[in-house]
Amino acid sequence: MKIVNRELNKRLWLWIPTLYFAEGIPYFIVNNISVTMFTRMGVPNGEMALFTSLLYLPWVIKPLWSPFVDILRTKRWWIVTTQVLMSALFVLLTLSVPHPDTTLIGSKTVPVSMFTLTLILFVITAFASATHDIAADGFYMLAANEEEQSFFVGIRSTFYRLSSIFGQGVLVYVAGRLEKSTGDIPTSWQITMGITAVMFCALTLYHTFALPRPQADDPRMGHESRVSAREVISEFARTFYTYFSKSGVWLAITFMLLYRLPEAFLLKMVNPFLLDPASRGGLGLDTDTVGIVYGTIGVIALTIGGIIGGIAASRWGLRRSLWPMAASISLPCVTFVYLAMFHPVNIIVISACVAVEQFGYGFGFTAYMLYMMHFSKGEFTTAHYAICTAFMAMSMMVPGMFAGYLQEMMGYEHFFWLVMACSLATMGATFFVRKKLNDTNTSTHSRA
């Protein structure tokens, strides 16, 4: 039996790491790389933050179509199909990158209308990526048993984080080096998108043959399609009804929307702040340096914070975790107040500030995940958790839409002070949620 298990594990190693690496690439391209690219291409912060935040929308509304991924076709079919589609979209994105005039880029007055086609392709990629997420997570649970899922849960998370380092670190670094060697910002990003397209096409080709065909991966829609469809619609409606009928649902939603408010504002303005020259209040770092400082050092600190947060939460439980983690996710944002006030040029100091903030976010985010799992318990645990993740995405999308305009009105220093003021919302939501957990006699040693 052990030999069989080892053989199965070997087969799982052939596709789980690459599948979750492929899952992360389009997400970080759409939601993070787009911010850096538009900033470097001279799009004003207000328009940049608004339109790139709207790209979160598919992750907000994906629970609306997730049941249909479950009942129509196999998970394997959805994975391969969406990867083929995203490969084609990356090729088209490479060809769609506009070439604004150098003067417009330098004055940061490039109209976002020049990127209309690029944005449309990003939107389609976002919907394909969100659908791929649904299928990949479902396929993972079908193709591996519970023991194997437990073994690989850390591995899949690691490779997802590696895709973040590749996207926000390696690709941004490559774009920065190309900017220096060619002196042409649009062409540099066009080549970078081309590299992404080639790599993702290779992953798609590999998965077309490497993904297994588990017997459990069958579409739920059988011969009695009308009955099944009626049942699906009924269960779909009941899922939402039971979610919004839960005790304390509006407090839970408020918490999910406000807990990350400081980070939601901060996230959209980090790269513009690092890239903008001192004359605009930024630090004036080169693109490749940002790829190292934020895309690599920052992501590593974020990952370490998440690991330590998981260990701490497993010992403290949900209630005891809430206060220290709420403080951790909001208070380290003060490092950007310091950077905006004193404009240090020492790259070690800048990297340390970014690392502290990202570590705090990684550590503090653990309590957020624990609370969503706690609130999702019940008859529709999986579906209710998916709804929670929709509010999680909304909590980043809505503040991000306004972050750029607020920064343009206030300047970076006052904007980062506003971010710190938003910590009051985090603390207030945490206070009432923790009180609710106490009132309902939730154990302090809960592992929810």
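Below, the structure is looked at part by part. It should be emphasised that the depicted structure is a prediction, and the values quoted were computed from it without experimental measurement. (Residues numbered from 1 in each chain as written. Predicted model: local features only at pLDDT ≥ 70, side-chain atom pairs only at ≥ 80, totals over all residues. Heavy atoms only, no water.)

Regarding the nonpolar core
And step 1. If you look at the biggest cluster of nonpolar residues, it comprises 99 residues, and the most contacted ones within it are Phe273, Leu274 and Phe416.
And step 2. At 14 residues, helix H2 (residues 16-40) tops the list of elements feeding residues into this core.
And step 3. Residues within four places of Leu274 in sequence aside, it is in contact with Leu283, Gly284, Leu285, Val290, Tyr294 and Ile350.
And step 4. In this structure, Phe255, Ala313, Met325 and Leu370 belong to the second largest nonpolar core, which totals 31 residues. (Core = buried A, V, L, I, M, F, W, Y, C linked by side-chain atoms within 4.5 Å. Buried < 20%, exposed > 50% of the residue type's maximum accessible area, 1.4 Å probe, protein only. Helix = DSSP H or I, 4+ residues; strand = E, 2+ residues; numbered from the N terminus. Contact = heavy atoms within 4.5 Å.)

Focus on the environment of Val97
And step 1. Along the chain, the position of Val97 falls in the loop between helix H6 (75-96) and helix H7 (102-107).
And step 2. Take Val97: its relative accessible area is 5%, and that puts it in the buried class.
And step 3. Taking C-alpha positions, Val97 is 38 Å from Ala421, a pair spaced 324 residues apart along the chain.

Some thoughts on the packing of H2 against helix H13 (residues 261-275)
And step 1. The N-to-C vectors of H2 and H13 enclose an angle of 35 degrees; their axes lie 10 Å apart at closest approach. You can see that H2 and H13 cross each other, and the crossing is right-handed. Counted together, Asn31, Asn32, Val35, Thr36, Thr39 and Arg40 of H2 and Leu267, Lys268, Asn271, Pro272 and Leu275 of H13 form the full contact between these two elements. (Axes fitted to C-alpha atoms, helices over the stretch in contact; angles between N-to-C directions. Left-handed = near helix turned anticlockwise from the far one by under 90°.)

So, helix H17 (residues 381-421)
And step 1. When the terminal C-alpha atoms of H17 are compared, their 34 Å separation across 41 residues is substantially less than the 60 Å that a helix rising 1.5 Å per residue should span.
And step 2. A bend of about 120 degrees at Gly411 is the largest found in H17. (Expected span 1.5 Å × (residues − 1). Bend = angle between axes of the 7 residues up to and from the residue.)

As for the pattern of salt bridges
And step 1. Under the defined criterion, the tally for this structure stands at six salt bridges.
And step 2. Among the salt bridges present, the one from Glu179 reaches Arg40, with a minimum N-O distance of 3.0 Å. Here Glu179, found in helix H9 (residues 146-182), pairs with Arg40, found in helix H2; they are 139 residues apart in sequence, far enough to count as distant.
And step 3. Among the residues examined, Glu179 registers a relative accessible area of 11% and is labelled buried.
And step 4. A relative accessible area of 23% places Arg40 in the partly exposed class.
And step 5. A single network of salt bridges, built from pairs that share partners, joins Arg177, Lys180, Asp286 and Asp288. (Salt bridge = Lys/Arg side-chain N within 4 Å of Asp/Glu carboxyl O.)

Describing unusual backbone geometry
And step 1. Backbone geometry at Lys108 places phi at a positive 55 degrees, although glycine is not the residue there.
And step 2. Tracing the backbone shows Lys108 in the loop between H7 and helix H8 (116-143).
And step 3. With a phi close to 45 degrees, His343 is a non-glycine residue in the positive phi region.
And step 4. Looking at the secondary structure, you find His343 in the loop between helix H15 (334-342) and helix H16 (347-376).
And step 5. You can call His343 partly exposed: its relative accessible area is 30%.

Some details on the packing of aromatic side chains
Aromatic ring pairs are described here by two measures, namely the spacing of the ring centres and the angle between the planes.
And step 1. Inspection of the entire model under this criterion finds 34 aromatic pairs.
And step 2. Taking 5.6 Å as the distance between ring centres and 15 degrees as the angle between the ring planes, the aromatic pair formed by Tyr259 and Tyr368 counts as stacked. In this pair, Tyr259 sits in the loop between helix H12 (249-258) and H13 while Tyr368 sits in helix H16, placing the two residues 109 residues apart along the sequence. No difference in accessibility class separates Tyr259 from Tyr368, as the two residues are buried.
And step 3. Through successive ring pairs, a cluster of aromatic residues spans Tyr243, Phe244, Trp250, Phe255, Tyr259, Tyr361, Phe365, Tyr368, Tyr371, Phe375 and Phe391.
And step 4. Seen from the ring of Tyr140, Arg156 lies directly overhead, with NZ or CZ sitting 4.5 Å from the centre.
And step 5. Taking NZ or CZ as reference, Lys246 lies 5.0 Å from the ring centre of Phe375, over its face. (Phe/Tyr/Trp six-rings, centres within 6.5 Å; stacked < 30°, edge-to-face > 60°. Lys NZ or Arg CZ within 6 Å of the ring centre and 35° of its normal.)

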